[in-house]
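# Architecture at a glance
The residues making up each chain are set out below.
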Amino acid sequence: MCGIAGYAGVDDPGILHPMANSMVHRGPDDVGVWSDSVEGVGLAHRRLSIVDLSSAGHQPMSVADGALCIAYNGEIYDFERHRRRLEARGVVFRSRTDTEVILRLYEERGLDALQSLNGMFAIALWDRRRRRLILARDHAGIKPLYYVLQGQSIYFASEIKALLVVPGIPNALNDGALADYLTFLWVPGEQTLLAGIRKLEPGHYLIWEQGRVT
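Presented here is a report on the structure given in the accompanying data block. (Residues numbered from 1 in each chain as written. Predicted model: local features only at pLDDT ≥ 70, side-chain atom pairs only at ≥ 80, totals over all residues. Heavy atoms only, no water.)

## Regarding the sheet that holds strand E12 (residues 212–213)
- Taken in spatial order, the six strands line up as E4-E5-E6-E7-E11-E12 in an open sheet, and their pairing is antiparallel. Looking along the sheet, the strands with just one partner apiece sit at the ends: strand E4 (61–62) and E12.
- One ladder, built from five bridges, connects strand E7 (residues 132–137) with strand E11 (residues 205–209); its direction is antiparallel. Bridge pairing in E11 links Ile134 to Ile207. (Pairing = 2+ DSSP bridges. Helix = DSSP H or I, 4+ residues; strand = E, 2+ residues; numbered from the N terminus.)

## Here's the deal with the nonpolar core
- Judged by nonpolar contacts, the single largest core of 25 residues is most densely connected at Ile70, Leu117, Ile123 and Leu125.
- For this core, the secondary structure elements donating two or more residues are strand E5 (68–76), helix H2 (79–88), helix H3 (98–109), strand E6 (119–127) and E7.
- For this core, the element with the highest residue contribution is H3, accounting for five residues. (Core = buried A, V, L, I, M, F, W, Y, C linked by side-chain atoms within 4.5 Å. Buried < 20%, exposed > 50% of the residue type's maximum accessible area, 1.4 Å probe, protein only.)

## Concerning the pairing of E5
- By the criterion of burial, E5 is predominantly enclosed, with seven of the nine residues buried.
- Examined bridge by bridge, E4 and E5 share two bridges and lie antiparallel to one another. The residue of E5 that forms the bridge with Ser62 is Cys69.
- Linking E4 back to E5 in an antiparallel pair, the connection comprises five residues, with Gly66 at a positive phi of about 75°.
- Of the strand pairs in this sheet, E5 and E6 are connected by nine bridges, and their pairing is antiparallel. Bridge pairing links Cys69 to Trp126 in E6.

## Some words on the packing of aromatic side chains
- Inspection of every chain in the model, using the stated rule, returns one aromatic pair.
- Ring centres 5.9 Å apart and planes at 50° place the aromatic pair Tyr7 and Tyr155 in the tilted group. With Tyr7 in strand E1 (residues 3–8) and Tyr155 in strand E9 (residues 153–157), the pair connects residues that are 148 residues apart, well separated along the chain. The pair formed by Tyr7 and Tyr155 is uniform in burial state, with each residue classed as buried. (Phe/Tyr/Trp six-rings, centres within 6.5 Å; stacked < 30°, edge-to-face > 60°.)

## Quick word on unusual backbone geometry
- In this chain, Gln59 is followed by Pro60 through a cis amide linkage whose omega measures -5°.
- Inspection of the secondary structure assignment puts Pro60 in the loop between strand E3 (41–47) and E4.
- One non-glycine residue, Leu185, adopts positive backbone phi at about 70°.
- Mapped onto the elements of the fold, Leu185 is located in the loop between helix H5 (175–184) and strand E10 (197–199).

Set out below in structure tokens:
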């Protein structure tokens, strides 16, 4: 299952382990955190080992020069096909994971790589060269991803409760969303039952770049 969490626009590495550990049930096999205090970005991951059970599958995962770093939850069904094509172009892989394939696809195609992913996923990818954080979710919305904006910073996680361990994030009830839930038995759109906490909608991606979200 796995769980991801993190932030951008603030130097808060001490919150990564509490966020990750609030989701230990999503990934009991391993935990990893990564942060860059200069850029003000951090990623956390709880791992349920399924593809490549070795330590080579540890996340967050970076490319060799550190220009890209990813925390990912999900499964890319045809990653072996992408891998073979990339290897034919001379790309050398360090693991057998679909995680690394996503990194290499982004390295090759940028945001267009998201359109070629066939699977279920929630992705947080830091692009150091462009100084942007990308959050993405599969088209069917199988893998969850929530986020909250605080001024020019953003926090995100696979579960709302991981966001609630961050000091200052409110847990006030969203009355409008409650009315939707009582009517439809779910909350449509990007709203959640907590005011200020949003969900990334299925098939969408979000870009945080120097304090701005698009």
